[in-house]
Amino acid sequence: MPANSVRERMEHDGYVSPVRIVSAADAAAHRDAMEAAERRLGVVHYRNKVHTLLASAWTLCTHPSVLDVVEQCIGPDIVLYNSTYIIKEPGASSYVSWHQDLTYWGLVDDDAQVSMWLALAPATLESGCMEMLPGSHTQGAVEHVSTDDADNVLLIGQTIRGVDASAAVPVPLAPGEASFHHGWTMHTSRPNTSADRRIGLNVQYLAPHNYSRTAPDQSGILVRGHDPHGHYAADPTPSLAGPGDDFSAESIALWEQLDEKMRIGFTADTD
Ligand SMILES: O=C(O)CCC(=O)C(=O)O
C-alpha cells in the first residue's frame, strides 16, 4: 500500500486494513509454530511480550512489510513494545467489548503509537473479527467503565457504553493479512461461531520519545531507526536457531516475569 494512502487512511478512519504481510502458506507455518509453543508452554493466549521468547512472533513483529506501515504511522524510529496472541476457540463465548486501547496507558504522545493485528487463521464476522468505528480516534479519550464478565477478553472488561454499533465496520482478514489501528479508535469483536480457531497476533509499537507516565520500568526493543531518548530498557530477543523454538528454562522464566510485569502495568491505576 502506498505510504500516502496509509497515512491518509489512518488519519481519516483511524485504521488501515487489510494489508498483506505474509503468504497464506507462511501464515500457516506461523500458526503451526504458535500451536507448538502452546504444547510446550501451555496457554499463550493474551500472554504479553511473546516476541521476546518465540522466534515466530519475533519474525512477524519485525517483518519489513509491517515496519514499513508502522513507519508511515509513527515515524522512522520504532520501539516494539508488546505482542500477544489473541485466540478465540470455535464456539466459545469470548468477545471483546467496545474500547479504546490507550485508556489506561498514560502516554505522553497518543499519536506516536500504533497497533497491528495479524491473522494466523481466518478472521471473519463469523469467527469474530474486529469491528471498528471509523473516525472515532478523533474524539480522543472516551469514558470507559470496568465490567466483570468472564467472557470479555479484556483484562478489566473496560467498556465504552452507548456506542452506535450500526456505524461499525467489520475488518475481516485472511491468514497473513493485518490491520493497523490508532490507539483511540473504538473497536470490538464478537464470539467465534465458526468451526476453526480465530488466532491473531496483536502488536504494539511506539516512537521512542513516547512513554507512559504511569507504567513502571518500561522495556521494549528498538526495531528500526534510532532511540536518543532511552525510555526503554532492552527486552530480550529469542534465539533464532530454527523455526522451532529452542528456548531454555531460563528464557521461559524471564518471559514469564515480563508477561506478569506488563499485566500489572495494564491493570494499575484503573480505579
Ligand atoms: O482480538 C480481538 O478480537 C480484539 C483485539 C483488540 O482489541 C486490539 O487489537 O486492540
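Colleague: Is there a simple way to explain the sheet that holds strand 5 (residues 130-132) in this structure?
Modeller: The strands that make up a sheet pair up through hydrogen bonds in the backbone, lying either parallel or antiparallel. Here we have four strands laid out as an open sheet, ordered 3-8-5-6, and antiparallel in their pairing. Two strands lie at the open edges of the sheet, namely strand 3 (96-99) and strand 6 (169-171), each paired on one side alone. Within this sheet the neighbouring strands show an average axis-to-axis angle of 25°, counted without direction. Judged from the two bridges that link them, strand 3 and strand 8 (residues 187-189) form a sheet pairing that is antiparallel. Paired with H99 across the strands is H187, a residue of strand 8.

Colleague: How should I be thinking about the pairing of strand 4 (residues 113-119) in this particular structure?
Modeller: Each regular strand carries side chains that alternate between the two faces of the sheet. Counting buried residues along strand 4, seven of its seven residues qualify, which places the element largely inside the surrounding structure. Sheet analysis places strand 4 next to strand 9 (residues 198-206), joined by seven bridges and oriented antiparallel. What sits directly across from L118, in strand 9, is L201. Inspection of the sheet shows strand 4 paired to strand 7 (residues 177-182) by five bridges, in the antiparallel sense. Along strand 7, the bridge assignment pairs L118 with A178.

Colleague: Explain unusual backbone geometry to me, please; I cannot follow it from the model alone.
Modeller: The linkage connecting S17 with the following residue, P18, adopts the cis geometry, with an omega of -10°. Note on placement: P18 falls in strand 1 (residues 15-20). Even without being a glycine, Y46 presents a positive backbone phi close to 65°. Even without glycine at this site, K49 takes up a positive phi of about 50°. Tracing the chain through its elements places K49 in the loop between helix 2 (24-41) and helix 3 (55-61). The class for K49 is buried, based on a relative accessible area of 1%.

Colleague: Explain the packing of aromatic side chains here, please?
Modeller: Ring pairs (aromatic) are described by centroid distance and by the angle formed between their planes. Here the structure, examined in full by the defined rule, presents two aromatic pairs. Pairing Y81 with Y232 gives two aromatic rings, centres 6.0 Å apart and planes at 75°, and the pair type is edge-to-face. Note that Y81 is positioned in strand 2 (residues 78-88) and Y232 in the loop between strand 10 (219-224) and strand 11 (233-234), a separation of 151 residues in sequence. Across the pair, Y232 and Y81 agree in class, each one buried. Ring pairs connect the aromatic residues Y81, W105 and Y232, which therefore count as one cluster.

Colleague: I keep staring at the nonpolar core and nothing clicks. Help me out?
Modeller: Burial of nonpolar side chains together is a common tendency in soluble globular proteins. With 43 residues, the main nonpolar core has L41, L54, Y85, F180 and Y205 as its most contacted residues. In terms of residue count, the dominant contributor to this core is helix 4 (residues 64-74) (five residues). Beyond its immediate sequence surroundings of up to four residues, Y85 is in contact with M34, V44, H45, Y46, V50, L54, S56, A57, L120, G200 and L201. In terms of nonpolar packing, the next biggest core, distinct from the first, is built from 13 residues, Y15, W117, A119 and V153 among them.

Colleague: I'm lost on the pattern of salt bridges in this one. Help?
Modeller: Close approach of charged atoms allows side chains of opposite charge to pair. All chains considered together, the criterion is met by 13 salt bridges. Measuring nitrogen to oxygen at the nearest pair gives 3.0 Å for the salt bridge that ties R31 to D196. A residue pair is termed long-range when its members are at least 10 positions apart, and R31 in helix 2 and D196 in the loop between strand 8 and strand 9 qualify at 165 residues. Residue D196 is classed as partly exposed on the basis of its relative accessible area of 28%. The residue R263 makes a salt bridge to D259 at a minimum N-O spacing of 2.8 Å. Separated by four residues within a single helix, R263 and D259 lie in helix 5 (residues 249-267), roughly one turn from each other. For R263, a relative accessible area of 23% translates into the label partly exposed. In this structure, a network of salt bridges that share partners links the residues R31, E35, E38, E89, D196 and R197.

Colleague: Which parts of the structure should I look at to understand the pairing of strand 7?
Modeller: Within strand 7, six of the six residues are buried, leaving the element largely enclosed by the surrounding structure. Residue alternation in strand 7 divides its side chains into two sets, E177, S179 and H181 and A178, F180 and H182, and both sets are buried. Relative to strand 7, strand 1 runs antiparallel, the two sharing four bridges. The residue of strand 7 that forms the bridge with V19 is A178.

What counts and what doesn't
Residues numbered from 1 in each chain as written. Predicted model: local features only at pLDDT ≥ 70, side-chain atom pairs only at ≥ 80, totals over all residues. Heavy atoms only, no water. Pairing = 2+ DSSP bridges. Helix = DSSP H or I, 4+ residues; strand = E, 2+ residues; numbered from the N terminus. Axes fitted to C-alpha atoms, helices over the stretch in contact; angles between N-to-C directions. Buried < 20%, exposed > 50% of the residue type's maximum accessible area, 1.4 Å probe, protein only. Phe/Tyr/Trp six-rings, centres within 6.5 Å; stacked < 30°, edge-to-face > 60°. Core = buried A, V, L, I, M, F, W, Y, C linked by side-chain atoms within 4.5 Å. Contact = heavy atoms within 4.5 Å. Salt bridge = Lys/Arg side-chain N within 4 Å of Asp/Glu carboxyl O.

Shape descriptors only; they carry no functional weight alone.
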